[in-house]
Amino acid sequence: MSKKLEQLLICGNREALLSKEMEKEFYNLEQGFRGENEQLEWFKKYGSEHWHYVSNYWFNHGKLMEADMLVISEQEWLVIEVKNYHGLFEYKDGECYINGRLMSDDQVAKMNHRLNRIRHIGAEVSTEIKVVGAMVFINEHSDVRLENGNEFDVVMRNQLQRFIRNFRERNDYPLSNQKLERVSRVLKKHQATSPFVPKSLPLETFAELRKGITCKACGSFETQSKYKSIKCRSCLTTEHKHEAALRTAYQLRYLYYDHPEMLTRRNIYEFCGKLISERTISRALTSRYKIIGATSSLYYDIQI
Ligand SMILES: [Zn+2]
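Residues numbered from 1 in each chain as written. Predicted model: local features only at pLDDT ≥ 70, side-chain atom pairs only at ≥ 80, totals over all residues. Heavy atoms only, no water.

- Per an unreviewed UniProt entry, the recorded name for the protein is NERD domain-containing protein, and the organism is Ruoffia halotolerans.

**Considerations on the packing of helix α3 (residues 107-125) against helix α5 (residues 177-190)**
1) Next: α5 packs onto α3 with a crossing angle of 140 degrees between their chain directions and a minimal axis gap of 9 Å. Here α5 runs oblique to α3, going by the angle between their axes. α3 and α5 meet at a crossing whose hand is right-handed. Contacts between α3 and α5 involve Ile 121, Glu 124 and Val 125 from the former and Arg 182, Val 183, Val 186, Leu 187, Lys 189 and His 190 from the latter.
2) Next: Taken together, the residues that form the contact of α3 with α5 break down as five nonpolar, one polar and three charged. (Axes fitted to C-alpha atoms, helices over the stretch in contact; angles between N-to-C directions. Helix = DSSP H or I, 4+ residues; strand = E, 2+ residues; numbered from the N terminus. Parallel < 35°, antiparallel > 145°, perpendicular 65-115°, else oblique. Left-handed = near helix turned anticlockwise from the far one by under 90°. Contact = heavy atoms within 4.5 Å. Nonpolar A, V, L, I, M, F, W, Y, C, P; charged D, E, K, R; others polar.)

**Some words on the domain arrangement of the protein**
1) Next: Domain annotation of the protein identifies domain 1 (3-190) and domain 2 (203-301).
2) Next: At the interface, nine residues of domain 1 touch 14 residues of domain 2.
3) Next: Taking both sides of the interface into account, the surface hidden between domain 1 and domain 2 amounts to around 1,100 Å²; carbon and sulfur atoms contribute 54%.
4) Next: Our enumeration of links across domain 1 and domain 2 arrives at one salt bridge.
5) Next: Ionic pairing is found between Arg 210 and Glu 15, a salt bridge with its closest N-O pair at 3.3 Å.
6) Next: Scanning the region where domain 1 abuts domain 2 turns up seven residue pairs in polar contact (both at pLDDT 80 or more). (Domains from an automatic or database assignment. Buried area = accessible area lost by both parts, 1.4 Å probe. Salt bridge = Lys/Arg side-chain N within 4 Å of Asp/Glu carboxyl O. Polar contact = N/O pair within 3.5 Å; in protein donor to acceptor, adjacent residues only side chain to side chain.)

**Some points on the side chain of Ser 220**
1) Next: Along the chain, the position of Ser 220 falls in the loop between α5 and β10 (223-225).
2) Next: A distance of 2.8 Å separates the side chain of Ser 220 from the backbone nitrogen of Glu 222, its partner in a polar contact.
3) Next: Excluding residues within four positions of it along the chain, Ser 220 makes contact with Ile 213, Thr 214, Cys 215, Cys 232 and Ser 234.

**With respect to the pattern of salt bridges**
1) Next: Following the criterion strictly, the structure yields 21 salt bridges and no others.
2) Next: In the salt-bridge network here, residues are joined through shared partners; they are Arg 265, Arg 266, Glu 270 and Glu 278.

Next up, the structure:
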């Protein structure tokens, strides 16, 4: 999951008021994430047990790019781009349209370029690796009009199962540990971090955020403080207070992405809905993070 989406999910959970722009972004990211997850489920169901999956692979090979998913098999790599569009996607004269509206990016050229670059990366592992690509339109309400002559397959939702089975017929072989290691090494060499980082919530929003500790299993706020643990009233899961404090501090860190100084003991205490004492919070966090800042406003240096 991208950092941005993770932040937006916490925003939703904590009932933060989002700007129109953030709301739209949330919707798009969530749609994309759902599509990717759904697609991965299909691969796990109909694909080979020997395949390895790399999701949201950001890489730099002359240019910074992302692949939604790589399916790594012994012989072939499949580069997947998932589109969760609702409506008609058209490509004409080098421009993309969704429901007749011009899109800012040329998705098709991008896909060709991505494939080309990953071919070079694959060749570093072995010149025998074949790299193929597919643009998967996972939404049942998707329709596509694309000119021919692209290097990749276009796969509609109702074709996905057959597509995976075909790929499996050619690629149902075990991948040796040695080769897998080589693949990981090369992918790692070109890996880059996503340029999309979350925007911080305005500091004054802190007072309005929903306070408390969410259950680590079901996400419910119906948690209560026990002697050394936090217990969920709805699913009865328990979590050690130290873990709960770290997890909740981490959520706070995400919300104020550009303001690490928000992570004071006091703020974490408030954010936890006062379910964990400041003393315990301090124990949990000092064991893991550096403390910085002036005496009056010490904060924990949580890197994300
Ligand atoms: Zn629960």
